[in-house]
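Close look at the chain arrangement
So the chains spell out like this:
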Amino acid sequence: MPHAPDRSFFARAPLVVARGLLGCVVSARGVTVRLTEVEAYAGPAGPAGTADPASHAYRGPTPRSSVMFGPPGRLYVYLVYGMHWCANVVCGADGEAAAVLLRAGEVTTGAGLARERRPAARSLHDLARGPAKLAGVLALTGADTGLDLCAPAAEITVLAGSPPATDVVRSGPRVGVSAAGDRPWRFWLAGEPTVSRYRPAGRRTAGPVVGG
DNA sequence: GATCAGATATACT
DNA sequence: GTATATCTGATCC
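This section reports on the structure supplied with the text.

Parameters and conventions
Residues numbered from 1 in each chain as written. Chains lettered and ligands numbered in written order. Predicted model: local features only at pLDDT ≥ 70, side-chain atom pairs only at ≥ 80, totals over all residues. Heavy atoms only, no water. Core = buried A, V, L, I, M, F, W, Y, C linked by side-chain atoms within 4.5 Å. Buried < 20%, exposed > 50% of the residue type's maximum accessible area, 1.4 Å probe, protein only. Helix = DSSP H or I, 4+ residues; strand = E, 2+ residues; numbered from the N terminus. Contact = heavy atoms within 4.5 Å. Pairing = 2+ DSSP bridges. Phe/Tyr/Trp six-rings, centres within 6.5 Å; stacked < 30°, edge-to-face > 60°. Lys NZ or Arg CZ within 6 Å of the ring centre and 35° of its normal.

1. So, the nonpolar core
Counting residues in hydrophobic clusters, the biggest one holds 40 residues, and the most contacted among them are Leu21, Val38, Val137, Leu138 and Ile156. Sort the elements by how many residues they give to this core and strand E2 (residues 31-41) lands first, with five residues. Beyond its immediate stretch of four places on either side in the chain, Ile156 contacts Val26, Ser27, Ala28, Arg29, Leu75, Leu140, Leu147 and Leu149. Core analysis: the second largest hydrophobic core is formed by 14 residues, Tyr78, Val90, Ala99 and Leu101 among them.

2. Here we look at the pairing of E2
Looking down a regular strand, the side chains alternate between one sheet face and the other. A large share of E2 lies buried, amounting to eleven of its eleven residues. As paired strands, strand E1 (residues 25-28) and E2 are joined by four bridges and run antiparallel to one another. Bridge assignment links Ala28 to a residue of E2, and that residue is Val31. Judged from the nine bridges that link them, E2 and strand E5 (residues 98-109) form a sheet pairing that is antiparallel. Across the sheet, the residue bridging to Val38 is Leu102, located in E5. Where E2 lies against strand E8 (residues 186-189), three bridges are found, and the strand directions are antiparallel. Pairing of Glu37 across the sheet is with Trp188, part of E8.

3. Here's the deal with the packing of aromatic side chains
For any pair of aromatic rings, geometry is given as the distance between the ring centres together with the angle between the planes. Scanning the model with the defined rule gives two aromatic pairs in all. When the centroid spacing of 5.1 Å and the interplanar angle of 85 degrees are considered together, the rings of Phe9 and Phe10 count as edge-to-face. Each member of the pair Phe9 and Phe10 is classed as buried. The positively charged end of Arg174 is found above the aromatic ring belonging to Tyr41, 4.6 Å away from the centroid. The ring centre of Trp188 lies 4.4 Å from the NZ or CZ of Arg186, which sits over that ring.

In structure tokens form, the structure reads like this:
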């Protein structure tokens, strides 16, 4: 049984942290989720050409992304498409600005509460099948950005679960990422019904009305 | 399954 | 001022 993720766990490279998070459980506000799908985002530093253009940290710190440039083990929750919250955990060295997006998981406890938070879910497996759904069942919002998961009495915690067998860990391109979409930095557990359906970055808007 | 509408913070010009 | 966004839910096959 591996020890629970602590500061040194999150201080490692995003790809390592991402793989290590599979099978871990996240508990927040009465709901516990076992992670089945995550994605890694690299920081802007590194050899030329290796920076991650898909990361919010790519162009350096901004008011939104500044927490990524701080110490690892903290939450970065941001609003996407004007309506959905997505939760990341800052990882890598202090200042490296890498992160891991929590994409999907299986609700293991607090399913009733999770259903209240996500009435649109059509099955138990759908409760946290997707990054905004996962953030939803855990009731995470931008107000939780900066929260330290490694604090002694953290309101939100990450603990090691039963580690997945290595042969069920899969990797592939990230979802909804147009830049560097070819990097196989998405990790998931094969056979888990809670893993979100892969959808390449594609049409984002309907565009303006043409003609008339 | 495939396609489309949705609502706003954020970052860039 | 304008374009974009680490997506979801509803609807139509």
